[in-house]
Amino acid sequence: MTEWFLFLPQVRMGIGDIVERARAAEAGGFDGIAFIDHLEPPGATSQGIWEAMTVATWVAAHTERLRIGHLVLCDAFRHPAVLAKQAVTLSAACDGRFELGLGSGSWPQEFEKFGIADGDDASARVRRLGEDLALLRRYWAGDDAGGPVQLPRPPHRIPLVLGGTGKRTMELVRTYADWWNIPSHQLDRLPRLLPTVGSARVSLQQMVGFVGRGADRAAVTDRSTRLFGHLGDGLICGDAAEIAEHFAGLTAQGVERFYVWFADFAAPQTISEFADTVINA
């Protein structure tokens, strides 16, 4: 069954606005919500951004059903022992609704700016990600795994979401991931990579310029393209029928979850109408 997550970068809006959008998504029928994890917004460093785990915790406290996660947390920002403890605590607090999305870091500029080690070495970041995933498993597994174990143990299973298409990343997907997120601009690689992901299920992030009821198609398309045209195939514009057809085609290719990123910064009415005319239809 197809899963729908609202992808909501915590930028250009207050905490209350984020909660409002999360509640609209929950009421509409979205399965979950995912945030980003940066020290500054990529490409918009003059904007503010809220801290990722804190936002997720606050939204979890103000929702009842939505699964909560990130696409994705930056591995280098947190010591694995601290991240393991955060993940278990949040999972327990929201009765198992937390998913751990983790990546090696996609914005090297912030590594250098804020003095984070190995920020300019992509291979070192991926190597560390692999080491930290092994440590997370060890911290949660129990005494038979050897090495330090954290208590309490996870009261709920914490799904792991990994993304990317590099050789080493795909090895990590096969070893650890419950979900593999393929970048939308690399969708042409899905047929070749899908047989290599092991038991991981496939997700995709998609920017949507949604032409709602009574909306001006040209205006929506022009604004969406002006803001996010650099995403290429990662941006689609259309009305409910066109968007639904697009996602149905992706489902037929093996994608089981969509992270929907709205070009209008997820206006609550857009979330509600999309849920009504695309998800629930």
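To keep things clear, this report deals only with the structure shown in the data block. (Residues numbered from 1 in each chain as written. Predicted model: local features only at pLDDT ≥ 70, side-chain atom pairs only at ≥ 80, totals over all residues. Heavy atoms only, no water.)

1. A word on the overall build of the protein chain
- In terms of helices and strands, the protein chain carries ten helices and ten strands.
- On C-alpha atoms alone, the protein chain measures out to a radius of gyration of 19 Å, which is about the 19 Å that the 2.2 N^0.38 rule sets for 281 residues.
- A principal-axis box enclosing the C-alpha atoms of the protein chain has dimensions of 60 × 40 × 40 Å.
- By residue count, 52% of the 281 residues in the protein chain fall in the buried class.
- Pairs at least 24 residues apart make up 72% of the contacts formed inside the protein chain by residues separated by at least 6 positions. (Helix = DSSP H or I, 4+ residues; strand = E, 2+ residues; numbered from the N terminus. Rg over C-alpha atoms; globule rule 2.2 N^0.38 Å. Buried < 20%, exposed > 50% of the residue type's maximum accessible area, 1.4 Å probe, protein only. Contact = heavy atoms within 4.5 Å.)

2. So, helix α8 (residues 217-228)
- In this model α8 runs 16 Å from its N-terminal to its C-terminal C-alpha over twelve residues, within 8% of the 16 Å that 1.5 Å per residue would give.
- Close packing links the buried residues of α8 with β8 (201-210), β9 (235-238) and β10 (255-262).
- Measuring from the backbone nitrogen of Ala218 back to the side-chain oxygen at the start of α8 gives 3.0 Å, which picks out Asp216 as the cap. (Expected span 1.5 Å × (residues − 1). Polar contact = N/O pair within 3.5 Å; in protein donor to acceptor, adjacent residues only side chain to side chain.)

3. Section: the packing of helix α3 (residues 80-93) against helix α5 (residues 122-141)
- Packing of α3 against α5 leaves a shortest axis separation of 9 Å and a crossing angle of 50 degrees. Here α3 is positioned oblique relative to α5, judged by the angle of their axes. In the crossing of α3 with α5, the sense of the turn from one axis to the other is right-handed. On α5, the residues touching Pro80, Ala81, Leu83, Ala84, Ala87 and Val88 of α3 are Arg128, Asp132, Leu135, Leu136, Tyr139 and Trp140.
- Of the residues assigned to the contact of α3 with α5, the class counts are ten nonpolar, no polar and two charged. (Axes fitted to C-alpha atoms, helices over the stretch in contact; angles between N-to-C directions. Parallel < 35°, antiparallel > 145°, perpendicular 65-115°, else oblique. Left-handed = near helix turned anticlockwise from the far one by under 90°. Nonpolar A, V, L, I, M, F, W, Y, C, P; charged D, E, K, R; others polar.)

4. Topic: the packing of helix α2 (residues 52-61) against α3
- One can describe the packing of α2 onto α3 by two numbers: an axis separation of 10 Å at closest approach and a directional angle of 10 degrees. What the angle tells us is that α2 and α3 run roughly parallel. Residues Met53, Ala56, Thr57 and Ala60 of α2 form the contact with α3, whose own contacting residues are Gln86, Ala87 and Leu90.
- Class assignment for the residues of the contact of α2 with α3 results in five nonpolar, two polar and no charged.

5. Looking at the side chain of Arg78
- You can see Arg78 is positioned in the loop between β4 (73-74) and α3.
- At a separation of 3.0 Å, a polar atom in the side chain of Arg78 contacts the side chain of Glu51.
- Excluding residues within four positions of it along the chain, Arg78 makes contact with Asp37, Glu51, Ala52, Met53, Leu73, Leu83, Gln86 and Arg128.

6. With respect to the environment of Ala281
- By the secondary structure assignment, Ala281 is in the segment after α10 (268-279).
- Residue classification places Ala281 among the exposed residues on the basis of a relative accessible area of 79%.
- Linking Ala281 and Met207, residues 74 residues apart in sequence, is a C-alpha distance of 20 Å.

7. Digging into the side chain of Gln206
- Looking at where Gln206 falls in the secondary structure, it is placed in strand β8.
- Excluding anything up to four places from it in sequence, Gln206 contacts Asp233, Gly234, Leu235, Ile236, His246, Phe247, Leu250, Tyr259, Val260 and Trp261.

8. Remarks on the pairing of strand β1 (residues 3-7)
- Here β1 lies mainly inside the structure; five of its five residues are buried.
- The pairing of β1 with β10 spans four bridges and is classified as parallel. Bridge pairing in β10 places Trp4 opposite Phe258.
- Across three bridges, the pairing between β1 and strand β2 (residues 32-35) is parallel. Bridge pairing in β2 links Phe7 to Ala34.
- Once you follow β1 into helix α1 (residues 15-28) and on to β2, the crossover reads as right-handed. (Pairing = 2+ DSSP bridges. Right-handed = clockwise from strand over helix to strand, strands pointing away.)

The analysis is restricted to geometry; functional conclusions fall outside its scope.
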